[in-house]
Each structure stands twice: as C-alpha cells, then as structure tokens.
Amino acid sequence: KFEFTNVKCIAYDLEFTDFKHCYLKSVNRTYKYVSIKARLFQTPVTKVRFILTLYKRFNGYRPFMYNVSVDVCKFQLNRNVNPIMKFFYDIVEPYSNINHTCPFNEDIVLEKLPVAFVNHRITDVLPFPEGDYLVETNWIAYDIKRVVVKFYGTLS
C-alpha cells in the first residue's frame, strides 16, 4: 500500500513562477491527496524540459531505477515515445491541467491527486518493491531551472 508522506515545492526564480499552494492534505484515515498550484508570471511558456528522478531510501535517498529527461512540448505531441515518462505522466494527468501541447499560458495546477489512485498505479499497474521513495521533478524553462517539486511516499 502506498502512502504520501510529504510534498515540497521550491521555486528558484520568483520572477518566473511561484507557488500559490503546495500541500498534502489528509481528509481522514483513508483519503489523502496532493494539491499544487504554480503561478506563471511570464507567459506563454514555449520551451520546457522536465527531469524526473526516482530515489529510494537506503541510508539516505539514493537514485533508484529512473532518471528521465524529456522536452515537454515534444512529449505532449507524442506521449508514447517515452514509456517511463508516460507511466508517471498518466498518474498526474487526470488531476492536472498539463494535458495539452505548448504553449502554457495559464497557471499549472495539480488538483487533489488522491493517494488511492497513485497506489493503484504503483502496486497493480507496475509493482514497485516496498520502501520509502522520493520522486523529484525538475522543471527547466528556457534552459534555466525554475522549479523543483518533491513527492515523498512509503510503499508497504
């Protein structure tokens, strides 16, 4: 069973983007979700690179299995080109507004991504071994690192 333990959002360029909110909410013992809203101040955004790195905790977080980099604009044109990124994208896509090609003209939103949906994807669709995980996402626009979002979770 997967459980979120934390989410952290870091904006490196506050003139380009900032977070309106970034939190993990526990409604009750069985319903937890993640919500993030990143405000874009310099739209339209037409050149975006995304780096996803999976870490597993072994005396600190160590890289584990995946370190994937994609050009977001090209990926949105053909999502089947990168099956690893498509697996992770399919987790957030139903709950976000990043489901279109470039340019990005509005704030980026991940709204109420439920832990139950993530649990199904990483236990039934593609099983992962038990442990503590960190999924780190780096968002690079115009070749400048703008944002890092870190999702922490435990699979037991």
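Below: a short report on this structure. (Residues numbered from 1 in each chain as written. Predicted model: local features only at pLDDT ≥ 70, side-chain atom pairs only at ≥ 80, totals over all residues. Heavy atoms only, no water.)

The helix and strand inventory of the protein stands at 3 helices and 8 strands. Starting at the N terminus, the α and β elements of the protein follow one another as β-β-β-β-β-α-α-β-α-β-β. For the protein, the spread of C-alpha atoms along the principal axes amounts to about 40 × 35 × 30 Å. Counting the 156 residues in the protein, one finds 42% classified as buried. Here the analysis covers contacts within the protein between residues at least 6 apart in sequence; of these, 58% occur between residues at least 24 apart. Roughly 8,400 Å² of accessible area belongs to the protein as shown, and the carbon and sulfur atoms make up 52% of that amount. Charged side chains of the protein number 21 positive and 15 negative; the gap between the two group centres comes to 4 Å. (Helix = DSSP H or I, 4+ residues; strand = E, 2+ residues; numbered from the N terminus. Buried < 20%, exposed > 50% of the residue type's maximum accessible area, 1.4 Å probe, protein only. Contact = heavy atoms within 4.5 Å. Areas by Shrake-Rupley, 256 points an atom, 1.4 Å probe, with all protein chains shown as cover. Lys, Arg positive; Asp, Glu negative; His and termini not counted. Charge placed at Lys NZ, Arg CZ, Asp CG, Glu CD.)

Here the structure, examined in full by the defined rule, presents 9 salt bridges. One salt bridge in this structure joins Arg 39 and Asp 18, with 3.3 Å as the shortest N-O distance. On the criterion of sequence distance, the pair formed by Arg 39 in strand β3 (residues 32-40) and Asp 18 in strand β2 (residues 17-26) is long-range, its members being 21 residues apart. The class of Arg 39 is partly exposed, set by a relative accessible area of 29%. (Salt bridge = Lys/Arg side-chain N within 4 Å of Asp/Glu carboxyl O.)

Our next topic: the pairing of strand β7 (residues 131-141). Of all 11 residues that make up β7, 8 are buried, and the element is covered over most of its length. When strand β4 (residues 48-57) meets β7, the two strands line up antiparallel, connected through 9 bridges. Bridging from a neighbouring strand, Phe 50 pairs with Trp 139 of β7. As paired strands, β7 and strand β8 (residues 144-155) are joined by 11 bridges and run antiparallel to one another. (Pairing = 2+ DSSP bridges.)

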